[in-house]
Amino acid sequence: AIPLDADAPTKGAATTIMRRESLIALVKQTNLVKRWAESRPFVLRVKDAVTSVFSGPADEDALVEALVLLLEKRLKVTTDDGIITIQVDWQDAATAHLLVSTAQQDFLETRHALEVSTIAEAISILEGHAAEVQARVKAESLALRAARESRGPAPAQQTAFRAVSGKESTDLTN
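Residues numbered from 1 in each chain as written. Predicted model: local features only at pLDDT ≥ 70, side-chain atom pairs only at ≥ 80, totals over all residues. Heavy atoms only, no water.

1. Structural notes on the overall build of the protein chain
Of the regular secondary structure elements, the protein chain holds six helices and four strands. Counting only contacts in the protein chain whose residues sit at least 6 apart along the sequence, the fraction spanning at least 24 positions is 59%. Split by element, the accessible area of the protein chain, about 13,200 Å² in all, is 58% carbon and sulfur. (Helix = DSSP H or I, 4+ residues; strand = E, 2+ residues; numbered from the N terminus. Contact = heavy atoms within 4.5 Å. Areas by Shrake-Rupley, 256 points an atom, 1.4 Å probe, with all protein chains shown as cover.)

2. Comments concerning a nonpolar patch on the surface
On the surface, F42, V43, V46, V50, V53 and F54 cluster together into a nonpolar patch covering about 680 Å² of accessible area. Structurally, V46 can be placed in helix 4 (residues 42-55). (Patch = residues over 30% accessible without salt bridge, like charges linked within 9 Å, V, L, I, M, F, W, Y side chains within 5 Å. Salt bridge = Lys/Arg side-chain N within 4 Å of Asp/Glu carboxyl O.)

3. Comments concerning the packing of aromatic side chains
With the rule as written, the count across this model stands at one aromatic pair. Between the aromatic rings of W36 and W90, the centroid separation amounts to 5.8 Å while the plane-to-plane angle is 65 degrees, which identifies the pairing as edge-to-face. With W36 in helix 3 (residues 32-39) and W90 in the loop between strand 2 (83-88) and helix 6 (93-151), the pair connects residues that are 54 residues apart, well separated along the chain. The cationic tip of R74 hangs over the ring face of W90; the distance from NZ or CZ to the ring centre is 5.6 Å. (Phe/Tyr/Trp six-rings, centres within 6.5 Å; stacked < 30°, edge-to-face > 60°. Lys NZ or Arg CZ within 6 Å of the ring centre and 35° of its normal.)

4. Focus: the nonpolar core
With 21 residues, the main nonpolar core has V27, L71 and W90 as its most contacted residues. Residue assignment for this core shows that the elements contributing at least two residues are helix 1 (13-18), helix 2 (20-29), helix 3, helix 5 (60-74), strand 1 (75-80), strand 2 and helix 6. It is helix 5 that provides the largest number of residues to this core, a total of five residues. If near-sequence neighbours (up to four positions away) are discounted, L71 is found in contact with M18, L23, L26, V27, L32, V88, W90 and L99. (Core = buried A, V, L, I, M, F, W, Y, C linked by side-chain atoms within 4.5 Å. Buried < 20%, exposed > 50% of the residue type's maximum accessible area, 1.4 Å probe, protein only.)

5. A look at the confidence of the model for the protein chain
Averaged over the protein chain, the pLDDT score is 84; the fraction of residues at 70 or greater is 82%. The weakest mean pLDDT in the protein chain belongs to strand 4 (residues 168-171) at 53; the strongest belongs to helix 2 at 96. (pLDDT = per-residue confidence, 0-100.)

6. Considerations on the pattern of salt bridges
According to the stated counting rule, one finds four salt bridges in the structure shown. Here E38 and K34 are joined by a salt bridge, their closest N and O atoms 3.7 Å apart. With a gap of four residues between them, E38 and K34 both fall in helix 3, about one helical turn apart. Since its relative accessible area comes to 46%, K34 is described here as partly exposed.

7. Side note on helix 4
Its 14 residues place the ends of helix 4 20 Å apart at the C-alpha level, agreeing with the 20 Å of an ideal helix rising 1.5 Å per residue. Just downstream of helix 4, G56 is the residue with a positive phi angle, here 85 degrees. (Expected span 1.5 Å × (residues − 1).)

8. Quick word on unusual backbone geometry
Unusually for a residue other than glycine, N31 sits at a positive phi of about 55 degrees. Take N31: it is sitting in the loop between helix 2 and helix 3. Unlike most non-glycine residues, D81 shows phi in positive territory, near 50 degrees. Here D81 shows up in the loop between strand 1 and strand 2.

Take a look at the structure:
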């Protein structure tokens, strides 16, 4: 079945982009953990270094989780009349641009995959209906052939020939 929002592809954009799985993928695709550490002010990097001496290095999964929570607060997605607006409030313009363009590309890829699977499902349904109709036509054709054969041979048909010479015509039928 074709979804009701098939003609409004931007309708679920915010939900698709802001899903937890999408945000985790965004963090990983943009290498945000490394970018975050590199873009922190000097004082905070010193603090991080001192903290890691006493408590060990930061856990990668915990950093990803923290960045996902931060993106949930700072990433905004709105739709209006078929236009998707993706905004992010980030301390570094290059990373902000990378986050927005990656989120956009991920949405487009997700939407494309959804549309292709919807079309494939519709084709599958139509092929099933076509196979059913073909089977019925074949069954009816066989039944018709069997009915003709059970009646025996058809009587010979007479064919009329008319020879035309000049102004007269002669009927040559038997």
